[in-house]
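Structural description and commentary
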Amino acid sequence: MLELRHLRTLIALRETGSLVEAAERVHLTQSALSHQLKDLENRVASPLFVRKTRPVEFTRAGLRLLALADELLPAVRRAERDLARLAGTEQGRLHMAIECHSCFQWLMPTVDYFRDHWPEIEIDIPSGHHFDPLPALAKEQLDLVITADPQPIDGIHYAPLFRYEGLLAVARQHPFAKKSFVTPQELADETLITYPVEHSRLDVFTQFLSPAQVRPKEIRTAELTIMMMQLVASGRGVCALPNWALTEYLERDYVSAVTLGETGIWSTLFAAIREETRATPWMRDFLRTARETSFAVLSGVKPATPDEESTA
């Protein structure tokens, strides 16, 4: 009567709160997802949730199946991990570098969970490295690089983790705060606050300003997100950050956020790994854990597109 895909769909519906986003999460059209849920309701002879509610309101039958999913799916995951461990090597090394200043919010829970389930894998995040991470990955100095800027390097595979939208953070009293979106030309008179990295690695330049041949009046750098937010809140500039990195500051009404361009700018975060480690059980489990943790702890992220997933 029940299948694992049904339980995974219900979990996605609970976590996203809407049919549209749940369909994205499980890579189905909204129509196909609705059909699957209707089929499940027919099997159990009971509605599972109240239509047209957001977040989704589950019925008693739906809550019972969610309880089953919470109990069963982790057990299945543990069994899959044990089988993978039996089928492959139990030794490995996972030394990683991060080209994303805001990644620790989801990466640290991922690493903690992975360490608990793969204690035999040596994990390290070297600090203060003075080399380019991607070439270092190819030379086996690293084993994984978190990046939003994939480069064509022989032997390197880019596994998509999730998509995110870049937003412009502005002071609550800034004129932009009343707008639904800003154009590149409107940033020509602004001080833009960025992390201290090359402009070629920042989405606000590559996807927004540079194509329009616009340069801000002034560019100022800051090492930490909280420092950037303090500058923005005090009216000393604006900055573009991933939507998830701004969540806590928006919820506290510390700053406001506006879309970059009428349709927004979206990017994909990747885990770069060597082809030779791509099929190892522990690496596959780390990537799966990273995706699941990201969706669980971050707001506003979306699954990678089917084309990106098909190459993972």
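All of the points below concern the structure found in this document.

About the criteria used
- Residues numbered from 1 in each chain as written.
- Predicted model: local features only at pLDDT ≥ 70, side-chain atom pairs only at ≥ 80, totals over all residues.
- Heavy atoms only, no water.
- Phe/Tyr/Trp six-rings, centres within 6.5 Å; stacked < 30°, edge-to-face > 60°.
- Helix = DSSP H or I, 4+ residues; strand = E, 2+ residues; numbered from the N terminus.
- Buried < 20%, exposed > 50% of the residue type's maximum accessible area, 1.4 Å probe, protein only.
- Lys NZ or Arg CZ within 6 Å of the ring centre and 35° of its normal.
- Expected span 1.5 Å × (residues − 1).

**Some thoughts on the packing of aromatic side chains**
This structure, assessed with the given rule, holds eight aromatic pairs. With 6.3 Å between their ring centres and 85° between their planes, Tyr158 and Phe270 make a pair best called edge-to-face. Of the two residues, Tyr158 is situated in strand 6 (residues 156–170) and Phe270 in strand 12 (residues 265–274); the sequence distance between them amounts to 112 residues. Assessed through its relative accessible area of 13%, Tyr158 is described here as buried. Ring centres 6.5 Å apart and planes at 70° place the aromatic pair Phe162 and Tyr164 in the edge-to-face group. Of the aromatic side chains, those joined through ring pairs into one cluster are Trp106, Phe162, Tyr164 and Trp244. The aromatic ring of Phe49 is capped on one face by Arg51, whose charged end is 4.1 Å from the ring centroid. Looking at Arg252, its charged tip hangs above the ring of Tyr254, at a distance of 5.5 Å from the centre.

**Quick word on helix 3 (residues 30–44)**
In a regular helix each residue adds 1.5 Å, so 15 residues correspond to 21 Å; helix 3 covers 21 Å between its end C-alpha atoms and thus fits that length. Ala45 sits one or two positions beyond helix 3 and adopts a positive phi of about 55°.

**Quick word on unusual backbone geometry**
A cis amide bond, omega 0°, links Arg54 with the succeeding residue Pro55. Take Pro55: it is sitting in the loop between strand 1 (49–50) and strand 2 (57–58). The residue His27 is not glycine, and still its phi comes out positive at about 60°. Following the sequence through the fold, His27 ends up in the loop between helix 2 (19–25) and helix 3. Of note in the backbone geometry, Lys52 takes a positive phi value of approximately 60° without being a glycine. Mapped onto the fold, Lys52 is located in the loop between strand 1 and strand 2.

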